[in-house]
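Coordinates in review
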Amino acid sequence: MFEKILLASDGSDHAIRAAEKAAFLAKEIAGATIEILYIVDNETAKSDALRNIESHDIELTRNERLQATKDICYRIINKEIKTTMIHGEPGPSIVKYANNGGFDLVVIGSRGLNTFQEMVLGSVSHKVAKRANCPVMIVK
């Protein structure tokens, strides 16, 4: 069963709904854990640096984006949730992390914060679904 769940989140509305589904699923499976993965894409990192935003403020903003996701998971399963932030292109980074981490399931929202990139390059969720070695649940 799905004991080790990776929840890819960017703080968007779709990611919040994905968090609810992942948490309800984890609650029903004894011993199941959720890890939240947040990808800092290279374009965002560059624009933050060019705008001379202090690293402490950048970190706070990223954590604020994930707070609702963490709160939902904690409220539903009543366990602390591990959160990991990595730099890279979202689709390939999620796939690599999921495949190397031995996850049983990846849960991801159908759309993220960057809808323009999804229209032009194909959605992150589609890339993850095609390339992950484990099942992928895409939440609308």
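Described in the following lines is the structure provided in the data block. Quick caveat: nothing in here was measured; it's all calculated off a predicted structure. (Residues numbered from 1 in each chain as written. Predicted model: local features only at pLDDT ≥ 70, side-chain atom pairs only at ≥ 80, totals over all residues. Heavy atoms only, no water.)

Here the focus is the overall build of the chain. Looking only at helices and strands, the chain has six helices and five strands in total. Helices and strands appear in the chain in the N-to-C order β-α-β-α-α-β-α-β-α-α-β. When the 140 residues of the chain are sorted by exposure, 42% land in the buried category. A separation of at least 24 residues holds for 78% of the contacts in the chain among residues at least 6 apart in sequence. (Helix = DSSP H or I, 4+ residues; strand = E, 2+ residues; numbered from the N terminus. Buried < 20%, exposed > 50% of the residue type's maximum accessible area, 1.4 Å probe, protein only. Contact = heavy atoms within 4.5 Å.)

Below, the discussion takes up the nonpolar core. Residues Ile 5, Leu 7, Ile 34, Cys 73, Ile 77 and Val 107 are the most contacted members of the largest nonpolar core, which totals 23 residues. Those elements that place two or more of their residues in this core are β1 (4–8), α1 (13–28), β2 (33–40), α3 (55–77) and β4 (105–109). Ranked by residues supplied to this core, first place goes to α1 with six residues. What Ile 5 contacts, discounting residues up to four positions off in sequence, is Ala 22, Leu 25, Ala 26, Thr 33, Ile 34, Glu 35, Phe 103, Leu 105 and Val 107. (Core = buried A, V, L, I, M, F, W, Y, C linked by side-chain atoms within 4.5 Å.)

Here we come to the packing of aromatic side chains. Two descriptors summarise a pair of aromatic rings, namely the distance from one centre to the other and the angle between the planes of the rings. With the rule as written, the count across this model stands at one aromatic pair. Above the ring of Phe 103, the side-chain terminus of Lys 4 is found at 4.8 Å from the ring centroid. (Phe/Tyr/Trp six-rings, centres within 6.5 Å; stacked < 30°, edge-to-face > 60°. Lys NZ or Arg CZ within 6 Å of the ring centre and 35° of its normal.)

Turning next to α1. Helical periodicity: at 3.6 residues per turn, an α-helix aligns residues three or four positions apart in one direction. With 16 residues, α1 should reach 22 Å at 1.5 Å per residue; the first-to-last C-alpha distance of 23 Å fits that figure. Of all the residues in α1, the buried ones are His 14, Ala 15, Ile 16, Ala 18, Ala 19, Ala 22, Ala 23 and Ala 26. (Expected span 1.5 Å × (residues − 1).)

Evaluation of the coordinates by the stated rule reveals two salt bridges. When the shortest N-O distance is used, the salt bridge between Lys 82 and Glu 35 registers 3.9 Å. Here Lys 82 is found in strand β3 (residues 82–87), whereas its partner Glu 35 is found in strand β2, with 47 residues between them in sequence. Among the ionic pairs, Lys 127 bridges to Glu 89, the shortest N-O distance being 3.8 Å. Of this pair, Lys 127 sits in helix α6 (residues 124–131) while Glu 89 sits in the loop between β3 and α4 (90–101), and the two are 38 residues apart along the sequence. For Lys 127, a relative accessible area of 18% corresponds to the buried category. Residue class for Glu 89 comes out partly exposed when judged on its relative accessible area of 41%. (Salt bridge = Lys/Arg side-chain N within 4 Å of Asp/Glu carboxyl O.)

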